[in-house]
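Residue-level structure breakdown
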Amino acid sequence: MKLILRAFGALYVFALVLALTGVVPQDTFLADLVNLLAPTGGVITAFAAGVVGPGEAVEGPLEVGDGEQEYIEEDLDTTIVKIRPSEVPLDTLTRNIKNTDTVKSFECGGWEQGTRDVLDSITAEVTPGEDAEITVAKKDMWLPGDTIYVNGVSGKDGGPLGLFITSKGLGGKLNVKAVNSEDGNVPALPAETVLLRMGTGHAEKDAQTIPYNITPTPRRNYCQIHMAQVEETVIHGLQRKKVAMDFSTTKEQTIWDMKRSMEFTNIFGIKGITKNEKGEIVHLSEGTWHQIPNTFTYSKAKDFNNAAYVAMTRAIFDGNNGSETRFLFAGPGYLERLAYVDAYSKQVNAKTVDVVHGVKVRRIVTDFGELLIRPMSGLFLGDMSDNAMVLDLNYVKKYIFEPLHTTVLNLDETGQRRVNAVRLLENYALYLENLPTHHKIVAID
């Protein structure tokens, strides 16, 4: 058999040479063979006719770009570049705080109790007299026996005017006497005069005083189930691929997308209870942005100058019992305005960059406290770009119903589907305590 194949091969080569040279004996077997090999007249150019079996006919040499040449390996980096629109700073920070609690109910939160206020203002002009009646904005904060520092009004010898509350009348009006007026009478006091509540004063025989109590009130949030699932068919896992698109890569991408969507809920989530298509109850968490009652506003039409910057930092730190260091999560538009403020820009250098709980921040010292500023370019989108959020991390609590975990789903082994599957799940809520220590910074037109 080998001898036959070799003989045929030699005959083929000999006939091919004759066809190329044009020297062909007529009316011979070789002539028939040459005509078979070169039907166009003896010169072989290309096999442009049909193709027996798979493949495409191409005239001329094969070139890059001829047809869909999927069998050619492109000169591409086999490492997939992972596009990350933004980090998830709040998620990272709350995974490192110690203020966490494990719960056994979707509903979480606590009872809150405020403190008795010390500042008030007069709402109507006060008629002078030995015993005057004062109408105030916060009538419930006063008790008989309280002493008052009247802001901006002078008493005897040029010192500040002091008042003493003898009793409370109808509608919570305060009956007061002057402590150090020029003539012993309460002078005329204009509306919007600021009053500072000081300590109580009692007579020698007084053995009791009127108690003052503040009842706590409940505030709640809901734990929300965040879930994602990674699947890859068994066949897809066995296939050879041009890039490292394996199950672990898909899992990493899914985890990232899950964490980013969770971050939007952490900040902008809307609290409520709804039902899915099956009629089953779904609990949804309230984000930190919607929990904050205090708002500092600035005008987008005006320059955000040093005066506005000082007013903002004072609003953040003054009048509450929060920490001296707080996080400021800044939208890109707001951060751009902040860059033009001298009090801020003069501190911007490499030395002010720090990493806190895995989050890179910039430390800025103000006259009222320290701010750890974190850009939120991938999270504060649209109108939120010009806004910012200030959190006192000492008063951010994480309620955990189910911690973040993965579960391997044996869908192939149980005969449901031929896939490798992993489920990722976390069930939790963020809850802001001591609300006056947190602030929203909002741009207005």
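Cut-offs applied
Residues numbered from 1 in each chain as written. Predicted model: local features only at pLDDT ≥ 70, side-chain atom pairs only at ≥ 80, totals over all residues. Heavy atoms only, no water. pLDDT = per-residue confidence, 0-100. Helix = DSSP H or I, 4+ residues; strand = E, 2+ residues; numbered from the N terminus. Contact = heavy atoms within 4.5 Å. Expected span 1.5 Å × (residues − 1). Buried < 20%, exposed > 50% of the residue type's maximum accessible area, 1.4 Å probe, protein only. Arc of directions from axis to C-beta. Polar contact = N/O pair within 3.5 Å; in protein donor to acceptor, adjacent residues only side chain to side chain. Phe/Tyr/Trp six-rings, centres within 6.5 Å; stacked < 30°, edge-to-face > 60°. Patch = residues over 30% accessible without salt bridge, like charges linked within 9 Å, V, L, I, M, F, W, Y side chains within 5 Å. Areas by Shrake-Rupley, 256 points an atom, 1.4 Å probe, with all protein chains shown as cover. Salt bridge = Lys/Arg side-chain N within 4 Å of Asp/Glu carboxyl O. 1 Å grid on protein atoms, 1.4 Å probe; cavity = no way out; pocket = protein on both sides within 12 Å on 5 of 7 lines; lining within 4 Å. Points joined across faces, edges and corners; volume = space filled by probe spheres on them.

Moving on, we come to the confidence of the model for the chain. Overall, the predicted model of the chain reaches an average pLDDT of 81, with 77% of residues at or above 70. Within the chain, strand 18 (residues 388-391) carries the highest mean pLDDT (97), whereas helix 2 (residues 29-37) carries the lowest (50). Below pLDDT 50 for its whole length, residues 57-74 participates in 13 contacts with residues either more than four positions away or in separate chains.

The next subject is helix 7 (residues 306-317). In an α-helix, one turn spans 3.6 residues; hence positions three or four apart end up facing the same way. For helix 7, with 12 residues, the first-to-last C-alpha span of 17 Å sits near the 16 Å given by 1.5 Å per residue. For helix 7, the complete set of buried residues consists of A308, Y309, M312, T313, I316 and F317. The buried residues of helix 7 occupy an angular sector of 155° when projected down its axis, which confines them to one face. For helix 7, the N-terminal capping position is held by N305, with its side-chain oxygen 3.3 Å away from the main-chain nitrogen of A307.

The next thing to look at is the packing of aromatic side chains. Under the definition given, this model contains eight aromatic pairs. Between F106 and F401 the ring centres are 5.2 Å apart and the planes differ by 65°, which places this aromatic pair in the edge-to-face class. Separated by 295 residues along the polypeptide, F106 in the loop between strand 1 (100-102) and strand 2 (107-112) and F401 in strand 19 (residues 396-409) bring together distant segments of the chain. Judged by its relative accessible area of 26%, F106 is partly exposed. Its relative accessible area of 22% is what places F401 among the partly exposed residues.

Among the secondary structure elements, R219 is positioned in strand 9 (residues 217-222). In contact with R219, other than residues within four places in its own chain, are C108, G109, G110, E112, Q291, Y431, L432, E433 and L435.

On the surface, V118, L119, Y149, V194, L196 and M198 cluster together into a nonpolar patch covering about 430 Å² of accessible area. If one sorts the elements of the nonpolar patch by residue count, strand 8 (residues 194-200) sits on top with three residues. Within the secondary structure layout, V194 lies in strand 8. Residue classification places V194 among the partly exposed positions, given a relative accessible area of 33%.

We now examine the environment of K440. Inspection of the secondary structure assignment puts K440 in strand 21 (residues 439-444). The sequence separation of K440 and T288 amounts to 152 residues, and the corresponding C-alpha distance is 9.8 Å. Not counting chain neighbours up to four residues away, the residues in contact with K440 comprise W289, I292, N294, T295, F296 and A388.

Here the largest pocket defines a volume of roughly 560 Å³. G114, T115, N321, N434 and P436 are the residues nearest the centre of the largest pocket, which is lined by 21 residues in total. Every element with two or more residues in the lining of the largest pocket is listed here: strand 2 and strand 19. Among the elements that take part in the lining of the largest pocket, strand 2 stands out by supplying four residues, more than any other.

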